[in-house]
Amino acid sequence: MPPETAFPPSWVAIIRTRPRAGRSRQKASYGLNKPNDNIDHIDSDSAIGSDHSAASTSITSSVFNYKYENGRRYHSFREGEYMLPNDEREQNRMDLHHHIFRLSLGGQLTRAPIPQDVQRVLDLGTGTGIWAIDFADEYPNAIVIGNDLSPIQPAWVPANCKFIVDDAESDWIYRPEEAFDYIHGRSLGGSIRDWDRLYRQIYQNLKPGGWLEMQEYEVWIRSEDDPELLNAPVIAQWQELVDKASIMFGKRLNIAESVKQRFIDAGFEDVRDDVYKVPIGTWPLDPKLKVLGLYQREQICDCVESVTLALLTRVLKWSNEETQVLIAKVRSDLRNKKQHLHSTFHFVYGRKPTSTG
Ligand SMILES: C[S@@+](CC[C@H](N)C(=O)[O-])C[C@H]1O[C@@H](n2cnc3c(N)ncnc32)[C@H](O)[C@@H]1O
């Protein structure tokens, strides 16, 4: 039996604590936004006082019954709905990616011009919760809720931060008085089947004048001196394959360039799409970009397996061995010092009009 499942769920939540030095932390309460489940109680302390949604209950143990496949661990709530793993390796990758996003923004967490006294904040598909935790620390007046299919967030979090196991594509059941001032989502390509419906629910659950921000990266890797990636042919092949498989699965990965139009179609105002190029590898001369490129190369080398394994084996019916060979070749292209590759990050934000309800 894999080690994590050998412990009762309540132990798992405690063992997986990842406190950060020098900051006050309070034990988190998990909620499951699914009232009819059988409930295994873990922790009844609310991290944010009486602010529980009426529909939020304690977590069920079944969400910890992770699925193991080809050496990686996958979520169990809404099993099969998300193609990337949720194990320690993937959590470390997500945390590194968070660092890269922050470095790209000169240390900031957001591009939207939200006020320092922002009140209610929702982080969709929060992952390890690292963005939500940092946000709660930096905006102490805010109540920050992070939701995810996987209960992989640390147990000790700021008192104004709470995590919910939830499918962002389910009906949102927040009361009108629980509307948000700011909703954030990052790296959600591959997570959502019906974007129009998600944007409708976001719009309905924002206060008038509230901000939405989506931070997405293009799965497409680019090179300005080799636009067709002739010197990185396996990367080019891999991109086509994962894009095709994600479309067949119904949750496309490469959606970053379409985000701005979706904001506009959903009724948001003052929509901006701030585009940042992030180098892959140490090829830039600028020392800061060199470090950023080093992190991004390592992050992508890890991400290649996370993104590819389930999509190719489950959807395109490749064997694990065939998929691993492709992954190794992509990594080799990524590490080729002659390449000048970069990723493209989109920070899209817009405001719900103040005049509508
Ligand atoms: C690529 S990770 C990004 C995590 C986090 N937003 C970050 O940037 O650090 C995508 C996350 O979305 C979660 N996810 C996928 N589909 C989801 C859904 N339908 N509802 C809620 N969370 C979802 C996954 O479990 C995963 O943790």
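Residues numbered from 1 in each chain as written. Predicted model: local features only at pLDDT ≥ 70, side-chain atom pairs only at ≥ 80, totals over all residues.

Student: Would you mind showing me how to read the overall build of the protein here?
Tutor: Across its full length, the protein carries 8 helices and 13 strands. Counting the 357 residues in the protein, one finds 45% classified as buried. Long-range contacts, defined here as pairs at least 24 residues apart, represent 70% of the contacts in the protein between residues at least 6 apart. (Helix = DSSP H or I, 4+ residues; strand = E, 2+ residues; numbered from the N terminus. Buried ≥ 20, exposed ≤ 12 C-beta atoms within 10 Å, placed from the backbone. Contact = placed C-beta atoms within 7 Å.)

Student: What should I look at first to understand helix H3 (residues 130-138) in this one?
Tutor: In an α-helix there are 3.6 residues to a turn, and that puts residues three or four apart on one side. Of all the residues in H3, the buried ones are Ile 130, Trp 131, Ala 132, Ile 133, Phe 135 and Ala 136. Buried positions along H3 lie against helix H2 (88-104), strand S5 (120-124), strand S6 (143-148), strand S7 (156-157), strand S8 (161-165) and strand S9 (180-186).

Student: It is not clear to me how helix H5 (residues 233-249) should be interpreted in this structure. Could you clarify?
Tutor: Here H5 contains 17 residues, and its C-alpha end-to-end distance of 24 Å stays within 8% of the 24 Å for a straight helix at 1.5 Å per residue. Listing the buried residues of H5 in full gives Ile 235, Trp 238, Val 242, Ala 245, Ser 246 and Phe 249. Each buried residue of H5 sits inside an arc of 100° when the element is viewed along its axis, so together they form one side. The exposed residues of H5 that point more than 90 degrees off its buried face are Pro 233, Glu 240 and Met 248. (Expected span 1.5 Å × (residues − 1). Arc of directions from axis to C-beta.)

Student: Got a minute to help me understand the site of the ligand in this structure?
Tutor: Around the ligand, a shell composed of 21 residues is seen, among which Gly 125, Gly 127, Ala 168, Arg 186 and Ser 191 lie nearest. For the shell around the ligand, the secondary structure elements donating two or more residues are H2, H3 and S6. Examining the composition of the shell around the ligand, we find that 3 residues originate from one element, H2, more than from any other. Counted by class, the shell around the ligand contains 6 nonpolar, 11 polar and 4 charged residues. (Near = placed C-beta within 6 Å. Nonpolar A, V, L, I, M, F, W, Y, C, P; charged D, E, K, R; others polar.)

Student: Teacher, can you tell me more about the nonpolar core here?
Tutor: What tends to happen in soluble globular proteins is that the nonpolar side chains get buried as a cluster. Val 121, Phe 135, Val 144 and Leu 212 are the most contacted members of the largest nonpolar core, which has 80 residues in total. It is helix H7 (residues 287-315) that provides the largest number of residues to this core, a total of 9 residues. Ignoring anything within four residues of it in the chain, the contact list for Phe 135 reads Leu 109, Val 121, Ala 142 and Val 144. (Core = buried A, V, L, I, M, F, W, Y, C linked by C-beta atoms within 7 Å.)

Student: Explain unusual backbone geometry to me, please; I cannot follow it from the model alone.
Tutor: Note: most peptide bonds trans; most residues except glycine with negative phi. One non-glycine residue, Leu 229, lies in the positive phi region at around 55°. Among the secondary structure elements, Leu 229 is positioned in the loop between strand S11 (222-223) and H5. For Asp 270, which is not a glycine, the phi torsion comes out positive at approximately 50°. You can see Asp 270 is positioned in strand S12 (residues 269-280).

Student: Where do I start with the environment of Gly 267 in this structure?
Tutor: Mapped onto the fold, Gly 267 is located in the loop between helix H6 (259-266) and S12. Judged by C-beta crowding, with 13 C-beta atoms within 10 Å, Gly 267 ranks as partly exposed. A C-alpha to C-alpha distance of 9.3 Å links Gly 267 and Gly 350, two positions 83 residues apart in sequence.

Student: Honestly, the pairing of strand S10 (residues 206-217) in this entry has me stumped. Any pointers?
Tutor: In the case of a regular strand, side chains alternate between the two sheet surfaces. For S10, a buried count of 9 out of 12 residues is recorded, marking the element as mostly surrounded by other parts of the structure. Bridge count for S9 against S10 is 6 bridges, and the pairing is parallel. Each bridged residue has a counterpart across the sheet, and for Gly 185 the counterpart in S10 is Met 214. Handedness of the β-α-β unit built from S9, helix H4 (residues 195-204) and S10 comes out right-handed. (Pairing = 2+ DSSP bridges. Right-handed = clockwise from strand over helix to strand, strands pointing away.)

Student: Looking at this structure, how should I read the environment of Ser 170?
Tutor: Here Ser 170 is to be found in the loop between S8 and S9. In sequence terms Ser 170 and Gln 201 are 31 residues apart; their C-alpha atoms lie 9.6 Å from each other.

Student: Even after reading the chapter, I still don't get the confidence of the model for the protein, so can you show me in this structure?
Tutor: Low pLDDT marks stretches whose predicted atomic positions should not be read closely. Mean pLDDT for the protein: 86, with 83% of residues reaching 70 or above. Low pLDDT, under 50, characterises residues 1-23; the stretch is placed with 26 contacts to residues that sit more than four places away or in other chains. This model gives residues 33-57 a pLDDT under 50, and the stretch forms 53 contacts once residues within four places in sequence are excluded. (pLDDT = per-residue confidence, 0-100.)

Student: So what exactly am I meant to see when it comes to the packing of H7 against helix H8 (residues 320-334) here?
Tutor: Packed helices, taken two at a time, are described by the angle between their axes plus the distance between the axes. Packing of H7 against H8 brings their axes to within 10 Å, and their N-to-C directions diverge by 155°. Considering their axes alone, H7 and H8 lie roughly antiparallel with respect to each other. Remark: the crossing between H7 and H8 carries right-handed chirality. Contact residues: Arg 297, Ile 300, Cys 301, Val 304, Glu 305, Thr 308, Leu 309, Leu 312 and Thr 313 in H7; Asn 320, Thr 323, Leu 326, Ile 327, Val 330, Arg 331 and Leu 334 in H8. Counted by class, the contact of H7 with H8 contains 9 nonpolar, 4 polar and 3 charged residues. (Axes fitted to C-alpha atoms, helices over the stretch in contact; angles between N-to-C directions. Parallel < 35°, antiparallel > 145°, perpendicular 65-115°, else oblique. Left-handed = near helix turned anticlockwise from the far one by under 90°.)

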